[in-house]
Structures are given as structure tokens and as C-alpha cells.
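Structural characterization, general
Letter by letter, the chains look like this.
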Amino acid sequence: MWLQAQDSSLVQSISSDIRHDYTWRWLENTKPARPVRVVIMDTALLEKNAMKIVSPGRGILAADESTGTMSNRLQGVGLESSEEARRAYRANLFATPNCQSAISGVILYDETIRQTMDDGVPISEYLSSVDIFPGIKVDTGAKQLANCEGEKITEGLDGLRERCVEYFALGARFAKWRAVIAIGEGMPSDACISTNAHALARYAAICQEQGLVPIIEPEVLMDGNHDATRCFDVTAEILSATFAACEEQGVHIPGALLKPNMIIAGKGSEVQISREEVAALTLKCLRENVPHDLPGIVFLSGGQSDEDATAHLNLMNEIDSNPPWQLSYSYGRALQAAALNKWASETPEASQQAFSHRAKMNSLARSGDWSATMEN
Ligand code: 13P
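Quick caveat, the model's predicted, so the values are computed rather than measured.

Regarding the overall build of the protein
Assigned secondary structure in the protein consists of 12 helices and 13 strands. When the 376 residues of the protein are sorted by exposure, 53% land in the buried category. The long-range share in the protein, meaning contacts at least 24 apart out of those at least 6 apart in sequence, stands at 73%. When the accessible surface of the protein is summed, it comes to about 16000 Å², and 49% of that surface belongs to carbon and sulfur atoms.

What about the pairing of strand S9 (residues 174-181)?
Consecutive residues of a regular strand have side chains that alternate between opposite faces of the sheet. Counted residue by residue, S9 has 7 buried out of 8 residues, so it is predominantly covered. Where S9 and strand S10 (residues 213-220) come together, 8 bridges link them in parallel fashion. Within S10, the residue paired with Arg-178 across the bridge is Glu-217. One crossover worth recording links S9 to the parallel S10 by way of helix H7 (residues 190-209), and it is right-handed.

Describing the site of the ligand
Close to the ligand lie 13 residues; Lys-176, Lys-259, Ser-301, Gly-302 and Arg-333 are nearest. For the ligand, an oxygen atom lies 2.4 Å from a polar atom in the side chain of Ser-301. For the ligand, whose unbound accessible area comes to 300 Å², protein coverage reaches 92%. At the level of elements, S9 and strand S13 (326-331) are the ones that each hand at least two residues to the shell around the ligand. A breakdown of the residues in the shell around the ligand according to their chemical character gives 3 nonpolar, 4 polar and 6 charged.

Quick notes on the sheet that holds strand S12 (residues 296-299)
As summarised here, the arrangement of the 8 strands in space is S4-S5-S6-S9-S10-S11-S12-S13, forming a closed barrel in which the pairing is parallel. Direction of pairing for strand S4 (residues 59-62) relative to S13: parallel, over a ladder of 2 bridges. Its bridge partner lying in S13, Ile-60 is registered against Ser-330. Sheet strands in contact with helix H10 (residues 306-319) are S12 and S13, and its direction is about 170 degrees off that of S13.

What about the packing of H7 against helix H8 (residues 228-248)?
Close contact between H7 and H8 brings their axes to 8 Å; oriented N to C, the two are set at 45 degrees. Accordingly, the angle class assigned to the pair H7 and H8 is oblique. As for the relative orientation of H7 and H8, their crossing is right-handed in sense. Along its contact with H7, which presents Asp-190, Ile-193, Ala-197, His-198, Leu-200 and Ala-201, the element H8 presents Glu-237, Ile-238, Ala-241, Thr-242, Ala-245 and Cys-246. Its residues assigned to classes, the contact of H7 with H8 shows 8 nonpolar, 2 polar and 2 charged.

Description of the state of the cysteines
The final tally for this structure, using the stated rule, is 0 disulfides. Of all cysteine sulfurs, the one in Cys-148 lies closest to Cys-192, which takes part in no disulfide; the gap is 7.1 Å. Assessed through its relative accessible area of 1%, Cys-192 is described here as buried.

Section: unusual backbone geometry
Omega for the bond connecting Met-187 with Pro-188 falls within 30 degrees of zero, at 5 degrees, which places this linkage in the cis form. Positive phi, normally seen in glycine, also occurs at Asn-98, with a value near 60 degrees. Within the element layout of this structure, Asn-98 appears in the loop between helix H3 (83-94) and strand S5 (103-108). On the basis of relative accessibility, which here comes to 53%, the residue Asn-98 falls in the exposed class. Phi angles above zero are rare outside glycine, and Asp-131 is one such case at about 70 degrees. Checked against the element boundaries, Asp-131 lands in the loop between helix H5 (123-129) and strand S6 (133-137). Judged by its relative accessible area of 47%, Asp-131 is partly exposed.

Topic: the packing of aromatic side chains
This structure, assessed with the given rule, holds 3 aromatic pairs. Consider the rings of Tyr-329 and Tyr-331, whose centres lie 5.9 Å apart with planes at 35 degrees: the pair is tilted. Given the relative accessible area of 0%, Tyr-329 is considered buried. On the accessibility criterion, Tyr-331 (0% relative accessible area) is buried. In this structure, Arg-173 is placed above the aromatic ring of Phe-168, and the distance from its NZ or CZ to the ring centre is 3.7 Å.

With respect to a negative patch on the surface
Together, Asp-190, Asp-227, Asp-233 and Glu-237 make up a negatively charged patch on the protein surface. On the basis of relative accessibility, which here comes to 37%, the residue Asp-227 falls in the partly exposed class.

Quick word on the pattern of salt bridges
Side chains bearing opposite charge may pair, as long as their charged atoms lie close to each other. Applying the stated criterion across every chain, the model contains 22 salt bridges. With a closest N to O distance of 3.0 Å, Asp-118 and Arg-87 form a salt bridge. Of this pair, Asp-118 sits in the loop between helix H4 (110-113) and H5 while Arg-87 sits in helix H3; the two residues are 31 residues apart in sequence, bridging distant segments of the chain. Asp-118 gets classed as exposed once you look at its relative accessible area, which sits at 63%. Note on Arg-87: relative accessible area 12%, which makes it buried. Between Glu-346 and Lys-342 there is a salt bridge whose closest N-O contact spans 3.1 Å.

Quick notes on the rules
- Position labels on residues start from 1 in each chain and follow its written sequence.
- The predicted origin of the model limits local features to residues at a pLDDT of at least 70 and limits the giving and counting of side-chain atom pairs to 80 or more, whereas totals for whole chains, interfaces and linings rest on all residues.
- To obtain the side-chain values, all non-hydrogen atoms of the structure were included, while hydrogens and water were left out.
- Each helix is a run of H or I in the DSSP string that is no shorter than four residues. Each strand is a run of E no shorter than two, and both are numbered from the N terminus.
- For every residue, the accessible area obtained with a 1.4 Å probe (protein chains only) is divided by the maximum for its type, and the residue is called buried under 20%, exposed over 50%, and partly exposed between those limits.
- By definition, residues are in contact when any of their heavy atoms lie within 4.5 Å.
- What sets the accessible areas is the Shrake-Rupley method with a 1.4 Å probe; for residues, cover comes only from the shown protein chains.
- A pair of strands counts as paired when DSSP detects no fewer than two bridges linking them.
- Place the viewer so that the strands point away; then a crossover is right-handed whenever the path from the first strand over the helix to the second strand goes clockwise.
- Neighbouring residues are identified by heavy atoms, a residue being near a molecule or strand if any of them is within 4 Å of it.
- Polar contacts here mean pairs of N or O atoms no more than 3.5 Å apart (in protein, one a potential hydrogen donor and the other a potential acceptor; neighbouring residues in sequence count only if both atoms are side-chain atoms).
- All amino acids are sorted into three groups, where Ala, Val, Leu, Ile, Met, Phe, Trp, Tyr, Cys and Pro are nonpolar, Asp, Glu, Lys and Arg are charged, and the leftover types, Gly among them, are polar.
- The convention used is that axes are lines fitted to C-alpha atoms, helices contributing only their stretch in contact, and that angles between N-to-C directions extend from 0 to 180 degrees.
- Angles below 35 degrees are treated as roughly parallel, those above 145 as roughly antiparallel, those between 65 and 115 as roughly perpendicular, and all remaining angles as oblique.
- Here a crossing is called left-handed whenever its near helix is offset anticlockwise from the far helix by less than a right angle, and right-handed whenever the offset is clockwise.
- Defined by distance alone, a disulfide is two cysteine sulfur atoms within 2.5 Å.
- For this analysis, a ring pair means two rings from Phe, Tyr or Trp (six-membered ring only for Trp) whose centres lie within 6.5 Å, classed as stacked if their planes differ by under 30 degrees, edge-to-face if by over 60, and tilted for the remaining angles.
- Placement of a positive charge over a ring is assigned whenever Lys NZ or Arg CZ falls within 6 Å of the ring centre and within 35 degrees of the normal to the ring plane.
- A patch consists of residues exposed above 30% relative accessible area that lack any salt bridge, with like charges linked at up to 9 Å and nonpolar side chains (Val, Leu, Ile, Met, Phe, Trp, Tyr) linked at up to 5 Å.
- Whenever Lys or Arg places a side-chain nitrogen within 4 Å of a carboxyl oxygen from Asp or Glu, that contact is recorded as a salt bridge.
- A residue counts as positive if it is Lys or Arg and as negative if it is Asp or Glu; His and the chain ends are not included.
- Charge positions come from single atoms, namely NZ of Lys, CZ of Arg, CG of Asp or CD of Glu.

This is the structure in C-alpha cells:
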């Protein structure tokens with residue numbers, strides 16, 4: 001009933017849901033030619049959600065620390081880490097009154113997307129109800145890259161399609177995958193660049209197929225004593241390799257977001273550059289290596305101070321009043337550090353106020369309207 005004519009074009013749409021249409025196509029290079037069911041990516045949904053995530057004045061809270069990292073953070077402020085301790089701290093952050101004016105999405109960890117707010121409402125349901133997109137970290141961590149001492153490859157492609165289906169059902173509408181690129185003697189190697197670019201593109205393609213906007217995060221680390229020029233060159237290399245791989249694998253760029261580092265000298269370098277230079281070099285590197293039909297760039301903070309992360313974003317939005325993409329934030333430490341300290345040393349309300357303040361400062365930086373005097 002569903003096949004009327006043999007035709008290389010799409011024959012008949014047989015079902016649709018919020019994510020994608022299933023259609024039947026004649027596959028011509030099989031002998032004999034046979035109809036196959038294919039998934040059509042819902043590009044309109046991906047584009048709409050990507051644009052909403054980077055809508056003016058808003059950005060992302062990265063709260064997707066793995067259990068190990070979150071335990072270190074809690075222990076770092078003198079708190080015990082347990083499933084309930086992690087839930088309670090994060091649920092309090094998410095419940096910050098009116099944080100949706102500055103926060104469009106929250107990246108969750110697998111443990112958190114299955115947890116509830118204090119009143120028993122599932123966290124992803126609560127976030128959606130206050131107009132915040134739940135997102136999900138889908139990589140399973142950066143592991144030692146064989147034959148490349150000191151370098152890492154991010155894993156998590158096995159079973160990713162099935163996990164995306166489950167996360168979508170749990171409410172997630174975007175995802176994150178972080179590749180880690182270290183700078184050092186002989187690093188990054190060609191192998192590190194090409195394997196991580198390839199994995200990022202495969203991840204992005206699978207997420208899009210399942211209706212999740214992929215955040216593509218190739219992070220060039222600040223560790224080391226390299227200068228800003230070296231950071232620029234390595235960032236340019238991983239960005240261009242990543243987008244070449246995305247093109248090869250059919251990633252729909254208007255339905256994706258990029259989460260890059262800024263161009264900064266290594267932490268151990270004696271030649272640090274000014275905030276203005278960071279902003280100008282970052283914009284130059286992005287303009288030269290990122291497709292202009294990408295809707296948005298959501299920076300990571302990567303170990304910068306809270307104020308530097310805000311000031312750099314503010315300057316970029318001030319210098320370039322008409323960039324091809326929205327320039328926004330997806331900060332972890334730079335949005336949470338003060339809130340975590342207050343959580344440990346003061347009250348839940350004080351933690352929310354600290355988070356609210358940083359979120360507001362970064363919201364203002366989205367339009368170049370932040371100034372250092374607002375920090376006091
Ligand atoms: P930072 O802003 O602390 O670098 O974290 C962002 C993030 O999500 C890293 O993957």
C-alpha cells in the first residue's frame with residue numbers, strides 16, 4: 001500500500017513525530033533495487049532550538065560535571081560527595097528565582113537527568129516548565145590516545161544513538177561532547193586532531209538524527225607555558241578539522257552550536273595578553289575557521305577567573321557588533337564557583353544569589369553592556 005511507484009525520490013512519508021519523519025526511499029544501488037526506511041532529520045526543529053538556546057541575553061549553565069569531577073569540587077569546599085549531596089546542590093542552583101532571564105539551557109550529567117527537584121518533580125521537567133532547555137553530556141570521557149603519550153581521545157560513540165533516544169524521551173533537547181586538546185612539545189599530534197575531529201562530527205550527526213542540537217566542544221587547554229599565538233594556531237587547526245569532518249558526515253550546521261576556548265596564553269606563560277587582545281584574537285580565529293551559517297558560539301570558561309570570562313565575552317560583543325553568529329556562554333566554573341563556595345559556607349539562598357549575580361553579569365556581556373563597576 002505504501003509504495004506506488006519505483007522512483008529514486010522520496011516515495012511516501014509514513015509517520016512523523018516531534019523528532020523526525022520516517023520515509024521510504026528506493027535504494028538504487030542495491031540489486032535488486034529495494035525500498036528502505038530512512039530517517040529524515042528534523043532540521044527545522046534543530047534550527048529553532050539552537051536559535052532559542054542562543055537567544056539574546058541568555059546562555060548555558062554547564063552543570064554536567066562527571067561524578068568524579070563533582071565529588072572533587074564538593075570536597076574542595078569541605079563537603080562530602082554523595083548522590084543526594086550532588087542532587088541537593090544542583091537542584092538549589094536550578095531553583096534560583098528568575099534565572100531563566102539569563103539561562104536558556106542547562107547541561108546535565110546522566111545521574112542528574114534522572115533526579116528530581118526537592119519537591120519530587122523530575123529535574124528536566126522542572127527546567128522545561130521554566131523555559132530552560134535541559135541538555136545532556138553524552139560523551140563518556142577523554143581517554144588516553146594510543147601511541148600518543150599525554151594526549152586524549154573522547155569516547156562514547158558506541159550505543160550513542162540508543163542513549164540519544166532515551167535522553168530525548170527524558171526531556172533533553174541538546175547535547176554536549178567535549179574533546180580535549182593539549183598543547184606541549186610535539187602536541188597536538190595529527191592523530192589527536194584527526195581522531196577528535198572525526199568523533200565530534202560522528203557525535204553531532206547522531207544527535208541531529210535523534211533531534212538533539214549538538215554542542216561541539218573542541219577544548220584547547222590553558223595548561224602549559226605556550227603563548228597566545230600557539231593557542232591561536234592550534235585552535236584554528238582543530239576548528240577547521242572539526243568542521244571539515246562535519247561537512248563530510250552531513251552535519252547540519254544551522255542546527256548545531258560550537259563551544260570553543262578563547263585565545264589565551266597558557267597559564268604558565270610569562271607573556272600574558274590583555275583582555276582586548278584575547279577578544280580580538282578569538283574573534284579573528286573564529287571568523288577564519290567557523291562556518292558563518294552556524295547559529296551560535298557558546299564559550300567555555302576553561303579555568304579563567306569569573307570576571308575574565310565575563311569581560312572577554314563582553315569585549316567580543318562590544319568590538320564586533322555584527323558577528324555572523326550569536327556570541328554567548330556555556331560556563332561551568334565561571335558560573336558556579338562563587339555559588340558552590342556559598343553553598344558550603346553560607347545558605348542555599350546565598351548560593352542562589354551568587355549564581356544569579358554571575359548569570360546576570362554574563363547576560364549583560366552578551367550585548368557588551370557589562371562593566372567592571374557592576375561587580376561590586
Ligand atoms: P568550564 O566553563 O568550567 O570550562 O566548563 C565548561 C564545560 O562544560 C567544559 O566541558
